[in-house]
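Summary of the model geometry
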2 protein chains.
Amino acid sequence: MEFRLIDRIRERTAQTRDDVRLGIGDDAALLAVPAGQELAVAIDTLVEGVHFPVGTAPADVGWKALAVNLSDLAAMGATPAWALLALTLPRPDAAFIDGLADGFAQLARLHRLALVGGDTTRGPLTLSVAVHGFVPPGQALTRAGARAGDAVLVTGTLGDAAAGLRCLQPHMDVQTSLRDALVERLNRPVPRLAAGLALRGRASACIDVSDGLLADLGHLCIASGVGAEIDAALLPRSSALLGLFDEAAARDFALAGGDDYELCFSVPAARVAEVQADLARLGCGATRIGRIVAGDGVRVRDADGSRLEPGRQGWDHFSA
Amino acid sequence: MEFRLIDRIRERTAQTRDDVRLGIGDDAALLAVPAGQELAVAIDTLVEGVHFPVGTAPADVGWKALAVNLSDLAAMGATPAWALLALTLPRPDAAFIDGLADGFAQLARLHRLALVGGDTTRGPLTLSVAVHGFVPPGQALTRAGARAGDAVLVTGTLGDAAAGLRCLQPHMDVQTSLRDALVERLNRPVPRLAAGLALRGRASACIDVSDGLLADLGHLCIASGVGAEIDAALLPRSSALLGLFDEAAARDFALAGGDDYELCFSVPAARVAEVQADLARLGCGATRIGRIVAGDGVRVRDADGSRLEPGRQGWDHFSA
């Protein structure tokens, strides 16, 4: 069935690029990396019932499978180019595949990304996407490089996706428009690719928030050999989140909820205003939430300066 | 759990390459494609119970997940460089992960391939591997290019893996050494990378035999706009296969069994002897099994010239 499925997906995701010398349909794709560019590659898997709820619309699944991978390229400051899709599904369901391909293609087109290969197999619904992007040598953003004194910023708002997941639980009966806004953030994350490009040469370190702010900022701190202090009162939260949940719940979602796909990054203090102005022009904005300090670990302070001990330190798929 | 698992795998697959600017541990790997090379990329998934039997040793699973992907690079005449591994497993089982990483690493080391990224998630046991290799522009082997009059050849022997799978069925009680040889071919396929390189500039078309000779040669014929005639009497079969199964069963395994990971390719008739001599020197050998003809479809002739109608036309994971 590999050939029929992948042809169906190919038709719906058609995107012509000169650097694709041979696309879907042979044993491998043949691709030309532009001169003077390094390749940034990442792979991420979504499993039904683990990374998205059973019953999620196929177009949302297709969008999200690509989005979480593009978010990794955004965190590196890379420009997306190509993707491979490994799709495992229980039965050949044309409507499901078409929906999935449509959602994937919607996001792919926005970034001129070409699907260049794939594999379809039978089994429990699982999608692995590998993405490839370009970045000039030495210009990639990494997790290492944050220094004591740097400011810590985050794009957009935090906690919406985790709140959206909570809203899908059967006993939740909440105002529809706010609920829909949060569920949209869960199902249709927007990779911050333009922000990642704008941060090249400015952010000292960067990571995307997939496991939750505390967990991911923790990874950045380990890679940089530093610590961080976060002011809970500064965490950017959406009006939808604050409209449906109390302050304590909203704070926990923002600190540890996961699935945000915002960028968390450090910037020398002198450049914060300039970076914020540019990211505001790009539409996502960036909020200063704390600072890099000597030492290790991530500490959270409440508005009165006391130290918070959140209930969860990020989101681990195995402990969830 | 992503970080602990992938670290464990990284330790066991450590392979240093100058073209890996940033390996496992950030949001994406950063890689440098050598000047004057195109990138060949492929992705393939193995699902427990579909692509390998439940109970397969973890080291065999790790080997096979990489091998089936390297076989795609072999079929393109590409030199392997890097891989990404997306691993989904039901629970964090250190012994299983270590075994899997060891099997993966054994094969990776043989080809100086570096594991540059990955993702580990919870769910039914599934491995998606994406491989990246290099090939000079215009020199890749593809499925298109076979011409009427070309000879059709295949490396190694056919049907062993499918026979090995049959041997694992509980009611099979067969001689141990022959059985082991066939099961080894099922669990530890050897990608024909050296053969693929040797075929650059000589084979007019090439494909790897993963779904079965008839199915895969059929794909080659469609891509080339030709047909093919195969002589059943010429099919290369191992002594283990012929020692355990009768002629009809051995022929069906060789024609339609799948999981062989040999290369099937076409060569202008005048170059057959030279190609065969070179592949013999590489240890795998190549057998002439038929010819490319005008028209379409793959026909099989018996020793007396009559046309065979095999029971199965290749192996489809959804119809299996």
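Next up on the list: the overall build of chain A. For chain A, the helix and strand inventory stands at 10 helices and 13 strands. Oriented by its inertia axes, the alpha-carbon framework of chain A measures out at about 60 × 55 × 35 Å. When burial is assessed residue by residue, chain A has 62% of its 320 residues classed as buried. Look at the contacts in chain A between residues 6 or more apart in sequence, and 85% of them connect residues 24 or more apart. Accessible surface computed for chain A: about 11,600 Å², of which carbon and sulfur atoms make up 50%. Computed over 30 positive and 39 negative side-chain charges, the inter-centroid distance for chain A is 3 Å.

A separate point is the domain arrangement of chain A. Interface size, as often reported, equals the accessible area lost upon joining of the parts. Residues and elements named next belong to chain A. Domain annotation of chain A identifies domain 1 (2-135) and domain 2 (151-308). Distance from the C-alpha centre of domain 1 to the C-alpha centre of domain 2: 26 Å. Taken together, the 24 residues of domain 1 in the interface contact 18 residues of domain 2. Carbon and sulfur atoms supply 58% of the area buried between domain 1 and domain 2, which totals about 1,600 Å² over both sides. Between domain 1 and domain 2 we count 2 salt bridges in total. Between Asp60 and Arg188 there is a salt bridge, with the nearest N and O atoms lying 2.7 Å from each other. Between the two partners, domain 1 and domain 2, sit 7 residue pairs in polar contact (both at pLDDT 80 or more). Contributing elements (two or more residues each) for the side of domain 1 that touches domain 2: helix H2 (58-76), strand S4 (79-89), helix H3 (94-110) and strand S6 (126-135).

The next subject is the sheet that holds strand S13 (residues 307-308) of chain A. All names here are of chain A. Taken in spatial order, the 7 strands line up as S8-S10-S7-S11-S9-S12-S13 in an open sheet, and their pairing is mixed. Two strands close off the open sheet at either side, each with one partner strand: strand S8 (205-208) and S13. Those strands touched by helix H7 (residues 213-224) are strand S7 (151-155), S8, strand S9 (227-231), strand S10 (263-267), strand S11 (286-293) and strand S12 (297-301), and its axis lies near 145° from that of S8.

Of the transformation superimposing chain A on chain B, the axial component is 0.0 Å and the angular component is 180°, with the fit at an RMSD of 0.0 Å. Given the turn and translation reported, the copies of this chain are related as if by a two-fold rotation axis. Taken as a fraction of all interface residues of chain A, those also at the interface in chain B reach 100%, which identifies the copy contact as same-surface.

As a further point, take the sheet that holds strand S5 (residues 114-122) of chain B. Taken together, the 6 strands give an open sheet; going across it, the order is S1(A)-S2(A)-S3(B)-S6(B)-S4(B)-S5(B), and neighbouring strands pair in mixed fashion. Looking at which strands have only one partner, the edges of the open sheet turn out to be strand S1 (20-22) of chain A together with S5 of chain B. Neighbour-to-neighbour, the strand axes of the sheet open up by a mean angle of 20°, direction not taken into account. By the bridge criterion, 3 bridges tie strand S2 (residues 29-31) of chain A to strand S3 (residues 38-47) of chain B in an arrangement that is antiparallel. Among the inter-strand pairings, Leu31(A) is bridged to a residue of S3(B), identified as Leu39(B). Relative to strand S6 (residues 126-135) of chain B, helix H2 (residues 58-76) of chain B is tilted by about 35°, and along the sheet it contacts S1 and S2 of chain A together with S3, strand S4 (79-89) and S6 of chain B.

On to the pairing of S5(B), then. Residues and elements named next belong to chain B. For S5, the buried fraction is high: 8 of the 9 residues fall into the buried class. Sheet topology note: the S4/S5 ladder contains 8 bridges and is parallel. Paired with Ala83 across the bridge in S5 is Leu115. As a crossover connection, the stretch from S4 through helix H3 (residues 94-110) into S5 is right-handed.

Moving on: the environment of Ala57(A). Looking at the element boundaries, Ala57(A) is found in the loop between strand S3 (38-47) and H2. Residues Ala57(A) and Val300(A), 243 residues apart in the sequence, show an inter-C-alpha distance of 37 Å.

Moving on to the packing of helix H4 (residues 160-167) of chain A against helix H5 (residues 176-187) of chain A. Residues and elements named next belong to chain A. Remark: H4 packs on H5, axes separated minimally by 7 Å, with the N-to-C direction vectors making an angle of 115°. Considered as vectors, H4 and H5 are oriented roughly perpendicular to each other. In the crossing of H4 with H5, the sense of the turn from one axis to the other is left-handed. Residue-level contacts link Asp160, Ala161, Ala163, Gly164, Leu165 and Cys167 of H4 to Arg179, Leu182, Val183, Arg185 and Leu186 of H5. Partitioning the contact of H4 with H5 into residue classes produces 7 nonpolar, 1 polar and 3 charged.

The subject of this paragraph is the interface of chain A and chain B. Counting residues at the interface gives 62 residues for chain A, matched by 62 residues for chain B. In total, about 4,900 Å² of surface goes out of reach between chain A and chain B, with carbon and sulfur atoms giving 60% of it. Counting across the interface, chain A meets chain B through 6 salt bridges. Viewed at the interface, chain B and chain A are joined by 15 residue pairs in polar contact (both at pLDDT 80 or more). Sorting elements by how many residues they give to the side of chain A that touches chain B places S3(A) first, with 9 residues. Looking at the side of chain A that touches chain B residue by residue, the class counts come to 35 nonpolar, 13 polar and 14 charged.

Here we come to the pairing of S8(A). Looking down a regular strand, the side chains alternate between one sheet face and the other. All names here are of chain A. Because side chains alternate across S8, one face comprises the buried residues Ala205 and Ile207, and the other comprises Cys206 and Asp208, equally buried. Direction of pairing for S8 relative to S10: antiparallel, over a ladder of 4 bridges. Following the sheet pairing, Asp208 is matched in S10 by Leu263.

Further remarks concern the environment of Ala35(A). By secondary structure assignment, the location of Ala35(A) is in the loop between S2 and S3. On a C-alpha basis, the gap between Ala35(A) and Glu11(A) in space is 29 Å, while along the polypeptide they are 24 residues apart.

Turning to the packing of aromatic side chains, a few remarks are in order. All names here are of chain A. Applying the stated criterion across every chain yields a total of 4 aromatic pairs over all chains. Look at Trp82 and Phe134: their rings are 5.2 Å apart centre to centre, the planes differ by 80°, and that puts the pair in the edge-to-face class. Of this pair, Trp82 sits in strand S4 while Phe134 sits in strand S6, and the two are 52 residues apart along the sequence. Summarising the burial analysis for this pair, Trp82 and Phe134 share the class buried. Plain terms: the ring middles of Phe245 and Phe253 are 5.1 Å apart, the flat faces sit at 80° to each other, and that makes the pair edge-to-face.

For the rest of this paragraph, the subject is the environment of Arg307(A). Residue and element names in this part refer to chain A. With respect to the element layout, Arg307 can be found in strand S13. Put simply, Arg307 and Ile230 are 77 residues apart on the chain and 9.8 Å apart in space, counted from C-alpha to C-alpha. Not counting chain neighbours up to four residues away, the residues in contact with Arg307 comprise Arg299, Val300 and Arg301.

Turning our eyes to something else, we now look at helix H5 (residues 176-187) of chain B. All names here are of chain B. Taking 1.5 Å per residue, 12 residues should reach 16 Å; H5 reaches 16 Å between its end C-alpha atoms and fits that length. Turning to H5, its buried residues number three or more, namely Leu178, Leu182, Val183, Leu186 and Asn187. For H5, the angular spread of buried residues about the axis comes to 165°, placing them on one side. Buried residues along H5 sit against H2, helix H4 (160-167) and helix H8 (239-244).

Rules of the game
Residues numbered from 1 in each chain as written. Chains lettered and ligands numbered in written order. Predicted model: local features only at pLDDT ≥ 70, side-chain atom pairs only at ≥ 80, totals over all residues. Heavy atoms only, no water. Helix = DSSP H or I, 4+ residues; strand = E, 2+ residues; numbered from the N terminus. Buried < 20%, exposed > 50% of the residue type's maximum accessible area, 1.4 Å probe, protein only. Contact = heavy atoms within 4.5 Å. Areas by Shrake-Rupley, 256 points an atom, 1.4 Å probe, with all protein chains shown as cover. Lys, Arg positive; Asp, Glu negative; His and termini not counted. Charge placed at Lys NZ, Arg CZ, Asp CG, Glu CD. Domains from an automatic or database assignment. Buried area = accessible area lost by both parts, 1.4 Å probe. Salt bridge = Lys/Arg side-chain N within 4 Å of Asp/Glu carboxyl O. Polar contact = N/O pair within 3.5 Å; in protein donor to acceptor, adjacent residues only side chain to side chain. Pairing = 2+ DSSP bridges. Axes fitted to C-alpha atoms, helices over the stretch in contact; angles between N-to-C directions. Least-squares fit on C-alpha atoms with pLDDT ≥ 70 in both. Right-handed = clockwise from strand over helix to strand, strands pointing away. Parallel < 35°, antiparallel > 145°, perpendicular 65-115°, else oblique. Left-handed = near helix turned anticlockwise from the far one by under 90°. Nonpolar A, V, L, I, M, F, W, Y, C, P; charged D, E, K, R; others polar. Phe/Tyr/Trp six-rings, centres within 6.5 Å; stacked < 30°, edge-to-face > 60°. Expected span 1.5 Å × (residues − 1). Arc of directions from axis to C-beta.

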